[in-house]
Amino acid sequence: MTVTVLETQKSALTDSKGKFSIAAQNGQNLKFSYIGAQPGSLLVTAETRSANITLDMVSNNLNEVVVTGYQQERKKDLTGAVTVVNVKDIRDIPAGNAIKALQGRVPGVTISTDGSPAGNVAVRIRGIGTLNNTDPLYVIDGVPTTRGLQELNQEDIESIQVLKDAASASIYGSRAANGVIIVTTKKGKTGANRINFSATTSLQFYGSKLNVLNTQQRGEAYWRAAVNDGSNPNNNSTYQYDWNGNYNNPVLNKVLLPEYLDAARTLKPADTHWFDEISRTSVLQSYNLTVSNGSEKGNSLFSLGYYDNQGIIKESRDQKITVRFNSDYNFFNNRLKIGENFNATYMRDVLLPTTDITSLALIDEPATPVYDINGGWGGPSNGMADRQNPLRLIEDNKQNKNNFGKVFGNAFADLAVLPNLHFRSNFGVDYAINYARTIRKSYVSGFLNDPSNLVNTSGTYDGSLTWQNTLTYNLNFKKSKLDFLLGHEQIKVVNQNFSGSRQGYAIENYDYAYLNAGTTNVLNSGGGAGNSLLSFFGKANYVFNDRYLASVTLRRDGSSQFGINNRYGYFPAASLGWRLSEESFFKNKISFVSDLKLRYSWGQTGNQSAPNYATNTLYAPIYGTNITGLFDGGTAYDIGGSGTGQLPSGYVQTQQGNANLKWETATQNNFGLDYGMFNNSLTGSFDYFIKNTTDILITPAYLAVIGEGGNQTANGASVKNTGFEAMVNYNTNLGRDLSINISANISAYRNKVTKLPEAVLTSYPGNGTDKNILGRSVNSIFGYVANGLFTTQAEVDNSPVQPGKGLGRIRYKDLNGDGVVDNKDQDYIGSFDPDFSYGFNAGVKYKDFDLTFFLQGVQGNSVYNTYKVLTDFTSLQPGANWGSRVLQAWTPQNPNSTIPALTTVDRNNEGRGSTYFVENGSYLKLRNIQLGYDLKKALKGLKIRDARVFIQASNLLTIKSSSYSATDPENAVNNFPIPIVTTLGVNVTF
């Protein structure tokens, strides 16, 4: 429990038995606070020597203080759409990126991810509100950044708040149109000296491998395709067949393989399972140590973290070391506080072409051996697709690593000018460096070979400096409470990059292969950019009698991204709240309602994601890049006619400037409801929003007659998003030893493009004329409508003209009824937007055991199943392997199949975008299940505050639509596969 003298702000912590000691004068007030409890107070009198204080625990603490924008507010005073994340729910999930662990836990926040060790994520708050960068703004300990949380140790996070509406986010102005995620890291606390250690070890499994053909099955599928075409199946280089030769009633007796696949007699036929060759059961480890100390004079915390994720693709790996230090010290009777928060991160990732590797595991024929008879690389032979050996790509790239270093943090001073007037100055830094040196090795792999090699060295240096100054004033009188905030902020962003490469290396050894060892094709490049932001902002909050709430915000931003005509933008917001539950006519009649608050907010936020220098017309000297001598846009010319020496270079225009460029503006209305029932054991919220984004920054295509450098960034599009978000929580104790907690959320949004310049309509799904994206979601899918298969000759003869049609072929609809199936018969055939998204979390605690599980799902979204090109057809990739589904393809003997008849030639253009590839992407996943045991009682003889051991599993179960034909609808486009993860962990606090 924390004990605070309100008049001096001195504080102390009670010990484990509730005892405390603090100096206070007669007439001063003591405040007693504890997380999850109603605060208590005590007036100090001349007789006060000791006191017994009991706090009432509540299920949902409305007096909880949350961080919003540049200040803190009581949860019950919030009038905007702010979601406070329960960090405890994700603390033990070894995701490597805290945002990744939030998938499905925050309504209105869509998180897309893959299974890569680096933890790649994409975050969208309340849909897609722009046509360019849709990433939210992150604010970590007051310092804004756009890099996300992958470089932050998950164990260091104290709290996460998501600002979703304009009223809560507008204080961040021009960068807040896509929402704001505020993160506060752990700090030392007064009276608490603690050492915490946590460790987890996980095994990861590749649970979503596609079922592909083995060598025998692949031979059978090719035979069937050739026979269907009426061609001789023995006219190929890999397989020979013993069959009856009857095309009307074909019977295959045996598939025959040659002794060697290649003329050089180095490749023996194999039965390679490529998915098994490229994957592994991998290990993920995480270790964290935190030491904290606190007293009345100051607090400090030091943490050290190590994260090592060896991915399920062989040799993939992400290693991360984080060091964090923060401290704060009080001076002049606690009137001045000075402190800092600094974090250093080092990450090293193996640079593998994982998308190519997983694709090749599906494409490469099983008859191809991994190695030839001499121990060299196996590869394609005559008649096979010219695709690489994926294991060679792994082995030849495993030494290539990206090294990333980052320094992030802030230093601050907070001065109490008057008892309720505080001035705070904060200086933040966010700097990162990337460095990579890679080797492209020479190789021979089947008939593929490249005798050359190349070393490339590249680096980037980017970051920002932020200086903030804020003045806050709190005023309480009678039943009124007012908070005022005035602030100033300056941000400077810089970026520099370089790269260099050489070829002609005598030795392909990483310790030797530096640039100066190369002998030919010396190339280099580099560049840099930057921008700055100057802002002034203010906010006022008013609360009357804990019943009527109001807030107004205004921010003025000036950005170097925009021209002199529109350099400054204003972003206002206002919100109102009414706590009906505090009204006497409500409180006295509906007693089971503990809290009921109505909210409304309106506001505007901005987006400045224009290219650097987009307001300027740019010119560049381009010496020339096409060594064939053909036109390449180069500006070098032998103007002197000397015929020797270095050519002088002129300049060419690369961009048209736009002095009228201005901010994107997102205007949002939010209607909200917060409620609590049965002494707040049941709580929840509901929000409905309308968000209109105008003046969206786009760089449209331009007419060729304009000439070189005609591209110009302009404000020219509008998008509308509407939707709702709802969440509910239930917590209760069933006796002394048993407690349960349940939470659920659901959200949905609808996206609509309302304005686009005519010149860019063809850049989005549609034909750009009578069928265009206007009035539709930007995530719409456009294509042909597949209407089953032709199963009888009568259907073929009586159908519209369709080149390539025939028995067993896909039948496309003639939508315009002109008797011909052509590009005029395309229409909108789906949307990647879900009907709704949801999450469900439940926990049970019995004595020292606890069990939790979390379900996450999406419903009603379409996915474009790119795998079907290979799993359903033998003609779209004729020299590749195919999925096992081709064995169920249509034949006269299998007339009910929905998979097209096998063929070696795509005469029907069946790779065209159509509903055949659009499938139901709905799924429900068991994201996490965890069983824990509290060891504190078992170890009570030791000086241990807390100890817990747990086991858990992630992505253990997936329920998908039966109409989705691949394995994981969350990964329908061949991203890094999402693994099943099992974990054993321990947390100990001394």
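Summary of the structure given here. (Residues numbered from 1 in each chain as written. Predicted model: local features only at pLDDT ≥ 70, side-chain atom pairs only at ≥ 80, totals over all residues. Heavy atoms only, no water.)

### Side note on the sheet that holds strand β12 (residues 157-163)
This is how the line gets drawn: Strands are treated as partners if at least two bridges between them are detected by DSSP. What counts as a helix is a DSSP run of H or I of at least four residues, what counts as a strand is a run of E of at least two, and both are numbered from the N terminus. Note on method: axes are straight lines fitted to C-alpha atoms, helices fitted across the in-contact stretch only, with angles between N-to-C directions ranging 0 to 180 degrees.
One open sheet holds the five strands; their spatial order is β7-β12-β13-β10-β11, and the pairing between them is mixed. Here the strands that pair on one side only, and so sit at the sheet edges, are β7 (82-85) and β11 (143-145). The mean angle between the axes of side-by-side strands here comes to 20 degrees, regardless of whether they run parallel or antiparallel. As paired strands, β12 and strand β13 (residues 180-185) are joined by six bridges and run antiparallel to one another. Among the inter-strand pairings, isoleucine 160 is bridged to a residue of β13, identified as valine 183.

### Considerations on the packing of aromatic side chains
The following threshold applies: The rule is short: rings of Phe, Tyr and Trp, with Trp giving its six-membered ring, pair when the centres are within 6.5 Å, and they are stacked under 30 degrees, edge-to-face over 60, tilted in between. Exposure classes here rest on a 1.4 Å probe applied to the protein chains alone. A residue is buried below 20% of its type maximum, exposed above 50%, and partly exposed in between. Definition used: whenever NZ (Lys) or CZ (Arg) falls within 6 Å of the ring centre and also within 35 degrees of the ring normal, the charge is taken to sit over that ring.
Taken as a whole and assessed by the stated rule, the structure comprises 23 aromatic pairs. Between tyrosine 784 and tyrosine 812, the aromatic rings sit 6.0 Å apart at their centres with planes inclined by 65 degrees, giving edge-to-face as the arrangement. On the criterion of sequence distance, the pair formed by tyrosine 784 in the loop between β37 (780-783) and β38 (786-789) and tyrosine 812 in strand β39 (residues 810-812) is long-range, its members being 28 residues apart. Tyrosine 812 carries the same exposure label as tyrosine 784, and that label is buried. Ring pairs connect the aromatic residues Tyr864, Phe873, Tyr916 and Phe917, which therefore count as one cluster. Over the ring of tryptophan 882 we find arginine 218, and its NZ or CZ is 4.0 Å from the ring centre.

### Description of the side chain of asparagine 330
Keep this limit in mind: Pairing of N or O atoms within 3.5 Å defines a polar contact, subject to two protein rules: one partner must be a possible hydrogen donor and the other a possible acceptor, and residues neighboring in sequence count only if both atoms are side-chain atoms. Contact between two residues is taken to exist if any of their heavy atoms lie within 4.5 Å; hydrogens are not considered.
With respect to the helices, strands and loops of the structure, asparagine 330 is situated in strand β19 (residues 317-331). There is a polar contact of 3.0 Å between the side chain of asparagine 330 and the backbone oxygen of glutamate 296. If near-sequence neighbours (up to four positions away) are discounted, asparagine 330 is found in contact with Glu296, Lys297, Gly298, Leu336 and Lys337.

### Quick notes on helix α5 (residues 354-363)
For α5, the tally of buried residues reaches seven of ten residues, placing the bulk of the element in the interior. Taken residue by residue, α5 has Thr354, Ile357, Thr358, Leu360, Ala361, Leu362 and Ile363 as its buried positions. Of the surrounding elements, those touching the buried residues of α5 are α4 (274-278), α6 (390-397) and α9 (868-871).

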